[in-house]
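# Breakdown of the fold
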Amino acid sequence: VQLQAFGGGSVRAGGSLRLSCAAPGMITSEFTSYEKAWYRQAPGKQRDLVASINSGSTYSADSVKGRFTISRDNSRKRVYLQMNNLSPEDTAVYYCNFRRAGEDYWGQGTQVTVSS
């Protein structure tokens with residue numbers, strides 16, 4: 001399974017970015033069977049769960065609640081992370097993740113840098 005993450009970049013504090021994760025090789029029924037998530041890893045820190053979506057139910061970490069929104073487009077086989085009101089503490093490499101029983105796939109990561 002190949003996951004392609006993109007949409008990162010450099011923004012000023014208070015700005016917005018939208019990350020996308022594409023699964024071009026999947027058929028739609030396969031795409032919907034995975035729990036999908038975004039993680040991030042700042043330099044010197046562990047990789048942390050940011051948000052996840054599964055069968056329409058979503059989860060957001062407390063640190064991003066109210067600012068980040070995860071969504072998916074089954075027809076395009078993409079999952080998104082809309083990030084608003086970004087702060088320097090959000091600077092990290094962001095990874096998309098697809099998971100189901102016995103399977104765990106990661107995108108290549110996309111850098112998000114927020115300056116004050």
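Described below are features of the structure shown in this document. Just so it is clear, the structure is predicted and the values come from calculations on it, not from any experiment.

The subject of this paragraph is the nonpolar core. By size, the foremost hydrophobic cluster in this structure holds 28 residues, and its most contacted members are Trp-38, Val-50, Phe-68, Leu-81, Met-83, Tyr-94 and Phe-98. Elements with a contribution of two residues or more to this core: strand S3 (17-22), strand S5 (47-54), strand S7 (68-73), strand S8 (78-83), strand S9 (92-100) and strand S11 (110-115). It is S9 that provides the largest number of residues to this core, a total of 4 residues. Ignoring any residue separated from it by four or fewer positions in sequence, one finds Met-83 in contact with Gly-15, Ser-16, Leu-17, Leu-19, Arg-67, Phe-68, Tyr-94 and Val-112.

For Lys-36, the position within the fold is in strand S4 (residues 35-41). The buried charged residue Lys-36 lacks any salt bridge partner; its closest oppositely charged side chain belongs to Glu-35, at an N-O distance of 9.2 Å. Aside from chain neighbours lying at most four places away, what touches Lys-36 is Phe-31, Ala-51, Ser-52, Ile-53, Ile-70, Arg-72, Val-79, Asn-97 and Phe-98.

As a further point, take the pairing of S4. Burial analysis of S4 places 5 of its 7 residues in the buried class, the great majority of the element. Where S4 lies against S5, 6 bridges are found, and the strand directions are antiparallel. From the neighbouring strand, Ala-37 faces S5, where its bridge partner is Ser-52. Counting the residues between successive antiparallel strands, the hairpin from S4 to S5 contains 5 residues, one of them, Gly-44, with a positive phi of roughly 75°.

This part covers the packing of aromatic side chains. As enumerated under the stated definition, the model contains 5 aromatic pairs in all. Relative to Tyr-105, the ring of Tyr-34 has its centre 6.0 Å away and its plane inclined at 70°; by these criteria the two rings are edge-to-face. Of this pair, Tyr-34 sits in the loop between helix H1 (28-32) and S4 while Tyr-105 is found in strand S10 (residues 103-106), placing the two residues 71 residues apart along the sequence. The partly exposed category is assigned to Tyr-105, whose relative accessible area is 23%.

Okay, the pattern of salt bridges next. Scanning the model with the defined rule gives 5 salt bridges in all. Where Asp-62 meets Lys-65, a salt bridge forms, and the shortest distance between an N and an O atom there is 3.2 Å. Residue Arg-100 is joined to Glu-103 by a salt bridge in which the shortest nitrogen-to-oxygen separation is 2.7 Å. On the accessibility criterion, Arg-100 (29% relative accessible area) is partly exposed.

What counts, and at which threshold
- Residue indices follow the written sequence of each chain, beginning from 1 at its first position.
- Reporting of local features is limited, given that this is a predicted model, to residues whose pLDDT is at least 70; pairs of side-chain atoms are given and counted only at 80 or more, and all residues count toward the totals for whole chains, interfaces and linings.
- Water and hydrogen atoms were dropped before computing side-chain values, which therefore reflect all heavy atoms in the structure.
- Buried Ala, Val, Leu, Ile, Met, Phe, Trp, Tyr and Cys residues that are joined via side-chain atoms within 4.5 Å together make up what is termed a nonpolar core.
- Exposure categories follow from relative accessible area, calculated using a 1.4 Å probe and restricted to protein chains: below 20% of the type maximum is buried, above 50% is exposed, and the middle band is partly exposed.
- Secondary structure is summarised from DSSP: a helix means a run of H or I of at least four residues, a strand means a run of E of at least two, and numbering begins at the N terminus for each.
- Here, residues are in contact when the closest pair of their heavy atoms is within 4.5 Å.
- Only four residue types enter the tally: Lys and Arg on the positive side, Asp and Glu on the negative side; His and the chain ends are excluded.
- One speaks of a salt bridge when a side-chain nitrogen belonging to Lys or Arg is within 4 Å of a carboxyl oxygen belonging to Asp or Glu.
- Pairing between strands is defined by DSSP: at least two bridges between them are needed.
- Under the pairing criterion, centres of Phe, Tyr and Trp rings, with the six-membered ring standing for Trp, must be within 6.5 Å; the plane angle then separates stacked pairs below 30 degrees from edge-to-face pairs above 60, leaving the rest tilted.

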